[in-house]
Amino acid sequence: MKGSSRDIRTANRYRLVRQAIAESPVSRPRLAAATGLSLATVATLVGELLDQGMLIDAGFEDSGGGRPRGLLAVNPRGGALIGVEVAETHVHVEVVDLALRVLARAHEELRRGDHEPPRVAGRIAAAVSAAASRAAAEPRVLGAGISVPGMVDREGAVSVFAADWGWHDVPLLGLLSERVPYRLYLDTPLRACLVAELWFGAARGRDDAVVVSLGSGVGAGLALGGTPYRGVSNSAGEWGHTTLVLDGRPCHCGRRGCVESYVGAPGIMRNLRETSPDSPMLAPGDQAATVARLARGYVEGDPVARQVLRTTAGYLGAALADLVNLLNPEIIVLTGWVARRLGPPLLELAREALARYALRGPLAATELVLSPLPANPVSLGAATFALEGALASLGRPGTAR
Ligand SMILES: [Zn+2]
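Residues numbered from 1 in each chain as written. Predicted model: local features only at pLDDT ≥ 70, side-chain atom pairs only at ≥ 80, totals over all residues. Heavy atoms only, no water.

A.B. asks: Just to check I follow, could you spell out the pairing of strand β11 (residues 209-214) for this structure?
C.D. replies: It is a general feature of regular strands that their side chains alternate between the two faces of the sheet. Counting buried residues along β11, six of its six residues qualify, which places the element largely inside the surrounding structure. In β11, alternate side chains face the same way, and those of A209, V211 and S213 on one face and V210, V212 and L214 on the other are all buried. Where β11 meets strand β12 (residues 218-224), six bridges bridge the pair, whose relative direction is antiparallel. Across the sheet, residue V212 finds its bridge partner in β12, namely A220. Between β11 and β12, which pair antiparallel in sequence order, lie three residues. Of the pairings in the sheet, the one linking β11 to strand β14 (residues 331-335) comprises five bridges and is parallel in character. From the neighbouring strand, V210 faces β14, where its bridge partner is I332. (Buried < 20%, exposed > 50% of the residue type's maximum accessible area, 1.4 Å probe, protein only. Helix = DSSP H or I, 4+ residues; strand = E, 2+ residues; numbered from the N terminus. Pairing = 2+ DSSP bridges.)

A.B. asks: Explain the domain arrangement of the protein chain here, please?
C.D. replies: Where interface size is quoted, it is often the accessible area lost as the parts come together. Here the domain parsing of the protein chain yields domain 1 (2-74), domain 2 (78-193 + 378-393) and domain 3 (202-372). Distance between the C-alpha centres of domain 1 and domain 3: 37 Å. (Domains from an automatic or database assignment.)

A.B. asks: Sorry if this is basic, but what is going on with empty space enclosed by the protein here?
C.D. replies: Rolling a probe over the atoms, with the probe sized like a water molecule, indicates the empty space that remains. In total, this model carries one cavity of 30 Å³ or more according to the counting rule given. Within this model, the largest cavity holds a volume of roughly 40 Å³. As for the largest cavity, its lining consists of V17, I21, M54, L55, V74, L98 and L387. For the lining of the largest cavity, the class distribution of residues is seven nonpolar, no polar and no charged. (1 Å grid on protein atoms, 1.4 Å probe; cavity = no way out; pocket = protein on both sides within 12 Å on 5 of 7 lines; lining within 4 Å. Points joined across faces, edges and corners; volume = space filled by probe spheres on them. Nonpolar A, V, L, I, M, F, W, Y, C, P; charged D, E, K, R; others polar.)

A.B. asks: Help me out: how do you make sense of the coordination of the zinc ion in this one?
C.D. replies: Ideal coordination angles are 109.5 degrees for a metal with four donors arranged tetrahedrally and 90 or 180 degrees for a metal with six donors arranged octahedrally. Protein coordination of the zinc ion is provided by H241 (ND1), C251 (SG), C253 (SG) and C258 (SG), with donor distances spanning 2.0 to 2.3 Å. Geometry at the zinc ion is tetrahedral, judged from the four donor atoms that bind it and their angles of 105 to 120 degrees at the metal. Sequence spacing of the donors to the zinc ion: H-x9-C-x1-C-x4-C. (Donors = N, O, S within 2.8 Å, 3.2 Å for Na, K, Ca; no water. Tetrahedral: all angles 85-135°; square planar, octahedral: opposite > 155°, others 65-115°.)

A.B. asks: Sorry if this is basic, but what is going on with unusual backbone geometry here?
C.D. replies: With glycine set apart, most residues show a phi of negative sign, and most peptide bonds adopt trans. Backbone torsion omega between S24 and P25 reads -5 degrees, so that peptide bond is classified as cis. Note that P25 resides in the loop between α1 (2-23) and β1 (26-27). Positioned with a positive phi, D247 is a non-glycine residue whose angle comes to about 50 degrees. Along the polypeptide, D247 turns up in the loop between β13 (227-228) and α7 (260-263).

A.B. asks: Where do I start with the sheet that holds β13 in this structure?
C.D. replies: Adjacent strands of a sheet form backbone hydrogen bonds with each other and so pair up, either parallel or antiparallel. Reading across the sheet, the five strands line up as β13-β12-β11-β14-β15 and stay open at both edges, with mixed pairing between neighbours. At either end of the open sheet lies a strand with only one pairing partner, and these are β13 and β15 (367-370). Of the pairings in the sheet, the one linking β12 to β13 comprises two bridges and is antiparallel in character. By the bridge assignment for β13, L224 is matched with T227. Taken strand by strand, helix α11 (residues 337-357) contacts β11, β14 and β15, and its axis lies near 160 degrees from that of β15. (Contact = heavy atoms within 4.5 Å. Axes fitted to C-alpha atoms, helices over the stretch in contact; angles between N-to-C directions.)

A.B. asks: Help me understand the packing of aromatic side chains in this model?
C.D. replies: Summed over all chains, the structure comprises three aromatic pairs. With 5.8 Å between their ring centres and 55 degrees between their planes, Y14 and W199 make a pair best called tilted. Remark: W199 occurs in helix α6 (residues 189-200) and Y14 occurs in helix α1; sequence separation between them is 185 residues. Residue classification places Y14 among the buried residues on the basis of a relative accessible area of 15%. (Phe/Tyr/Trp six-rings, centres within 6.5 Å; stacked < 30°, edge-to-face > 60°.)

Structural data, given as structure tokens:
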């Protein structure tokens, strides 16, 4: 009971701060109307956030002759957040203020074959420290969120699928806590993309949302009832490794016929090879170049590019229909570099395919859209882990400012 009332309070804080970030400066009645919270709840939460310095008073709004209404804004100087994207080839760090504006960045390359856990932890720590010192004039750091590829369990041990890392049950959180002086929040890129959409993107204000990430790998971040759904061991969302074709193409997970091997970048390259083995759009070993050429070819009316996009969107639509039928979401957001590169044509074709494969009822309740967020949302999402962590720990003993 105690736990669940605290969870509700935390969820309400998220809702309120999300709205305040989107709409600063904003009045209390407007916050209540936009979040569905009562005025009394808004007043209590706002009081708490003003005390913590996370919100500030921002003047008055003219209410057309009535009593002027006090306005609130997110306090950019109320704390800094660090978002870290760890990918197979690099570490990218952003330090942002509470309005999630970028204050400083740092980037470290990870060399192939140099993936000993303590060394990777050292590179992450070095990049975090470089970015934090560049933002040194800024306020205290509330925490660092870190997105790592593969599987992250609840204790922050990590196993990674990434082809050449070979990690299994690596205690990354422990390795990092010895090297990074901030409160740490570890999770996956799928979850980072999901929270970025929930806070700042197309899923804001939507309780039941799926964020489908299309890149070299493929997966889905799920939010049910306004909360990210993690499953019992934090691996929910491995939709990319659900079976789309019985005994189909081999997948790098070791099984066959997975969604990822048809709509991930290597799968799209194979769709192209099977359509036209000698196509000049094929850049062997270069996923990004091939996908870019397909996108250009489609726009220029190239028949092979059109066929490959239709084929890819057909697989995608069938696999999205499973999500629609199973979860009945309000919105599905396509994100990731492949979705961004293939853009509106892929979206249109996937909508058509989805309509062929999904049940009519849940389909009518679902919107399929492209992510409106700029470039790469992973480090933004990771910084949001830290913001959520800071909001969740408000009012707990030992965490006072
Ligand atoms: Zn697989």
